[in-house]
Amino acid sequence: MGLQSKFTVYAAIAGVLALMGGIVYYASLDNVSLEQVEVELADVILREAEENEAKFFVTFLVKNPSEKIFVVPVITYQLYGDDMLLGSGKYSTEDVALPGRAQIFAGAEVPIKNTFILNKSEVGSEIYQSMINNEITNFMAEGMIITQSTWSVVETEFRTEK
């Protein structure tokens, strides 16, 4: 009787491990689709300017060429203007539960807006004035976008110019 109960326990443990392995495998099937995300820098527009700080709307166009529906909880980026680093920014909806986030359907393109804060002390007076006078016209952003489906989370690096 003791041998049979040990066998039952071992069989149950093996069954649980097999089930967990199956769940991990099933979740990893989404990774290829989530990695196909495309990010394009659509616009950088001055929102307001003060003496030492200016706020810009930075718009990213996120494209979903795959057949999988996903959400974008985080975009972290560094913004360059005329090949000079202006600063870094972060779009985040991590505080919103997955069902409440905007879904990006298969084949869709969704604009995601973020507020970028430019500090005069970090970039210098000359670059700051050029930005608020709209004299810088070539922008580049590079960073990381996180895409998430029900079962999977994937981080993808991007680089885009406007």
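Use the structure listed above.
About the thresholds
Residues numbered from 1 in each chain as written. Predicted model: local features only at pLDDT ≥ 70, side-chain atom pairs only at ≥ 80, totals over all residues. Heavy atoms only, no water. 1 Å grid on protein atoms, 1.4 Å probe; cavity = no way out; pocket = protein on both sides within 12 Å on 5 of 7 lines; lining within 4 Å. Points joined across faces, edges and corners; volume = space filled by probe spheres on them. Nonpolar A, V, L, I, M, F, W, Y, C, P; charged D, E, K, R; others polar. Buried < 20%, exposed > 50% of the residue type's maximum accessible area, 1.4 Å probe, protein only. Helix = DSSP H or I, 4+ residues; strand = E, 2+ residues; numbered from the N terminus. Pairing = 2+ DSSP bridges. Core = buried A, V, L, I, M, F, W, Y, C linked by side-chain atoms within 4.5 Å. Contact = heavy atoms within 4.5 Å.

(A) The layout of surface pockets, seen in detail. Considered as a void within the structure, the largest pocket measures approximately 190 Å³ in volume. What lines the largest pocket is a set of 13 residues, and nearest its centre among them are Ile69, Gln148, Ser149, Thr150 and Trp151. Taken together, the residues of the lining of the largest pocket break down into seven nonpolar, four polar and two charged.

(B) Structural context of the pairing of strand E2 (residues 53–63). Of all eleven residues making up E2, eight are buried, and the element is well covered by its neighbours. Where strand E1 (residues 38–49) lies against E2, ten bridges are found, and the strand directions are antiparallel. Among the inter-strand pairings, Val39 is bridged to a residue of E2, identified as Val62. What sits between the antiparallel neighbours E1 and E2 is a turn of three residues.

(C) Just the nonpolar core, in detail. Ranked by size, the top nonpolar core spans 32 residues in total, and within it Phe60, Val72, Ile75 and Leu79 carry the most contacts. Contributing elements (two or more residues each) for this core: E1, E2, strand E3 (70–81), strand E4 (84–92), strand E6 (109–119), helix H4 (125–132), strand E7 (139–148) and strand E8 (153–161). When residues no more than four places from it in sequence are discounted, the contact partners of Leu79 are Leu41, Val44, Val58, Met84, Leu85, Leu86, Gly87, Phe116, Phe139, Met140 and Ala141.

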